[in-house]
Amino acid sequence: MGRFDCDIKKSGIPPGCNFLWGEPFPVSLRDESQNVAIRWTSVSATKQPPTLPAALRAAVRSRFHHTGSVAISAVCCYFDERNATRRWVCPPWNRSPTGSTFCLKTDSELMIERFCLLSVLIAVVTSTCAAAGENSRPHIVTILVDDMGYGDPQCYNPDSKIRTPAIDSLAAAGMRFTDAHAAGPLCHMSRYGLMTGRYPFRTNVGLWPKQPLIEEGQMTVASMLKQQGYHTAMVGKWHLGFRENGYENPLPGGPVHVGFDSFFGIRASTDIPPYFYIRNDRAVQPPTVPIAAGNSEGWSPIQGAFWREGLIASDLQLKDVLPRFTQEAVNVIQTHAQKDSDQPLMLYLAYPAPHTPWLPSPEFAGKSRAGMYGDFMEMVDANVGTVLKSLQESGLADNTLLIFSSDNGPTWYETDVERFQHDSSGGWRGMKADAWEAGHRVPFIVRWPGVVKAGSRSAQTIDFTDVLATLAAVTGGTLGANDAPDSFDFSPALRGTQTDKGLARKSILIQSGAGFMTVRKDGWKLIEGLGSGGFSEPRRIRPEPGQPNAQLYNLNDDPEEANDLFTTHPEKVRELRQLITTVREAKGHRLVDE
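Residues numbered from 1 in each chain as written. Predicted model: local features only at pLDDT ≥ 70, side-chain atom pairs only at ≥ 80, totals over all residues. Heavy atoms only, no water.

A. Local environment of unusual backbone geometry. Here the residue pair proline 273 and proline 274 is connected by a cis peptide bond, since its omega of 0 degrees sits within 30 degrees of zero. On the secondary structure map, proline 274 appears in the loop between strand 11 (262-266) and strand 12 (277-279). The amide bond that connects glutamate 537 to the next residue, proline 538, takes the cis arrangement and shows omega of -5 degrees. One non-glycine residue with positive phi stands out, namely alanine 433, at about 80 degrees. As for its placement among the helices and strands, alanine 433 is situated in the loop between helix 9 (414-420) and strand 18 (444-447). (Helix = DSSP H or I, 4+ residues; strand = E, 2+ residues; numbered from the N terminus.)

Here it is in structure tokens:
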């Protein structure tokens, strides 16, 4: 892409044709109907060979929905004085097999009539080899929001009181998964599974405030894609720990030490101090300013404009974190699009919202029908829309595999449902941290133009841990015996080739916030404990002697988890308990023969 490889001596140009090597001149990209599709003002013909700006190549990809390679070659325009006609010569070997070529011609008719000009031919190369090579390495963008419920986006809940046009547009253009699960129902648990392809119960994720959760040399989504030649960037909330030794010193063990080329973000949530920005592995400004706790009347102690007291950096305001991350992500996209390179981009954008504190900016305050949470959620959606617009304008969107999801369920109580007539959990039982479905069942959308069918839906059970194996399959990466041990490839579902017999993941294991082990298989769900195991009441119930000490549900018949079948199906309890034991004792779920 971007090579000038045409030998003008072989192009059939008449003798005596002199090329104009002058200052940059304006050009217009016309389609085959000669309609002007794109105008550009800075194609340079000041040197041989001329260069085609990366942003113009990107514009061609976007305007013509092209995912193949883009090359440039010479077109000579000359004025035949004998016949008083203009003639254009396009080298025949640079035409595409389908004849779909586009010529960039100068806008100045006077220059065309007086001079033989060098212009630019953009050839859409559609050979099988070129197309297969490029499509095997799409750009990859993952947008992970924080504490958004299954029932918040209108594409998952038509009765939602929150407008989510950006998220809905992804579902309209891609695949909506209806049985997708975070690796755990809390922030650090789900992020660990997403990054490593390993169940978070296999390590002590509670150590994140003191040390990195990802071990040195452990494969991550970023390190795998980096091996595949990707430029890897992260923006947003990390929450997987650093080796901290004073915030004036480097912070090893974070994103740039586990496979990311760059990182701009925060240590954890925007309600967990200290609050400060990190660039790569250094604090932009250390947190030195005391900040009092925040709260909101009319909400629970962990809702509203809630944050904990502590220290904050002087360059950070909590209300500005969400838009700041959006701008950083846009900068990553624009910078990459401007590079004269075929290197694919991997961007992981981890928003810390709509997690508390709920801080909608003035233009969103009071706009939803779900209180300040709904207002903040609409602001999140607008920021997602800004990122999608940047991908489109930069010309990357049509060759981007984009994943959108939430890290766990919402902080939304039954009283909130009654007050606003908005069910953030989307009909599932419970909320964030719970073993019940709403704690970990999340919206999960994949948009991949030309591969994933627009407006499609999949009921395939998937887990955040499956992202690593899936992206490895998409990009040609390989997993070693100890890499991503609990990750299953769901790319056949994306390509529309999945069959019931060929389902990779047959069961899923999740640990609740309070430690209840949960297993799902064939619609059956066993929870090793009584109560929610999370934030919903009752959180934990002590079993009575001789009474059930766990919960069993058949989600096929009882998606609300209202009918506990523990006492009536002892054989299913034994089967699922054995599966928990087998998977926990195995080095990886992929090694278990079910």
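Having seen it, we continue.
B. Main features of the packing of aromatic side chains. Here the structure, examined in full by the defined rule, presents 18 aromatic pairs. Seen from their ring centres, tyrosine 247 and phenylalanine 276 are 4.7 Å apart, and the 45 degrees between their planes marks the pair as tilted. With tyrosine 247 in the loop between strand 10 (231-237) and strand 11 and phenylalanine 276 in the loop between strand 11 and strand 12, this residue pair connects regions lying 29 residues apart in the sequence. By relative accessible area, tyrosine 247 is classed as buried at 19%. Here the aromatic rings of phenylalanine 444 and phenylalanine 490 are separated by 6.0 Å at their centres, their planes lie at 80 degrees, and the arrangement is edge-to-face. You can see phenylalanine 444 sitting in strand 18 and its partner phenylalanine 490 sitting in the loop between helix 10 (466-475) and helix 11 (491-495), a full 46 residues away along the chain. Phenylalanine 490 shares its class with phenylalanine 444; the two are buried. Through a chain of ring-to-ring contacts, the aromatic side chains of Trp299, Trp358, Tyr373, Trp412 and Phe420 assemble into a single cluster. (Phe/Tyr/Trp six-rings, centres within 6.5 Å; stacked < 30°, edge-to-face > 60°. Buried < 20%, exposed > 50% of the residue type's maximum accessible area, 1.4 Å probe, protein only.)

C. Highlighting the packing of helix 4 (residues 165-173) against helix 8 (residues 371-393). The geometry of helix 4 relative to helix 8 is characterised by a closest axis approach of 7 Å and an angle of 55 degrees between their N-to-C directions. What the angle tells us is that helix 4 and helix 8 run oblique. Contacts from Pro165, Ala166, Ile167, Ser169 and Leu170 in helix 4 reach Met377, Asp381, Val384, Gly385 and Leu388 in helix 8. When its residues are assigned to classes, the contact of helix 4 with helix 8 shows 7 nonpolar, 2 polar and 1 charged. (Axes fitted to C-alpha atoms, helices over the stretch in contact; angles between N-to-C directions. Parallel < 35°, antiparallel > 145°, perpendicular 65-115°, else oblique. Contact = heavy atoms within 4.5 Å. Nonpolar A, V, L, I, M, F, W, Y, C, P; charged D, E, K, R; others polar.)

D. Inspection of the sheet that holds strand 17 (residues 400-406) at higher detail. The sheet built from 10 strands is open, its strands ordered 13-12-11-10-16-7-17-18-8-19 with mixed pairing. Every other strand in the sheet has two partners, leaving strand 13 (282-283) and strand 19 (456-458) as the edge strands with one partner each. Of the pairings in the sheet, the one linking strand 17 to strand 18 comprises 4 bridges and is antiparallel in character. In the sheet register, phenylalanine 404 faces strand 18, and the bridge partner there is isoleucine 445. Packed onto the sheet, helix 5 (residues 187-196) meets strand 7 (139-145), strand 10 and strand 16 (345-350) and runs at close to 170 degrees relative to strand 16. (Pairing = 2+ DSSP bridges.)

E. Focus on the environment of asparagine 383. Mapped onto the fold, asparagine 383 is located in helix 8. By relative accessible area, which is 9% here, asparagine 383 ends up buried. Note: C-alpha distance between asparagine 383 and alanine 166 (217 residues apart in sequence) is 8.6 Å. With sequence-adjacent residues up to four places away left out, asparagine 383 is seen in contact with Leu322, Pro323, Thr326 and Tyr351.

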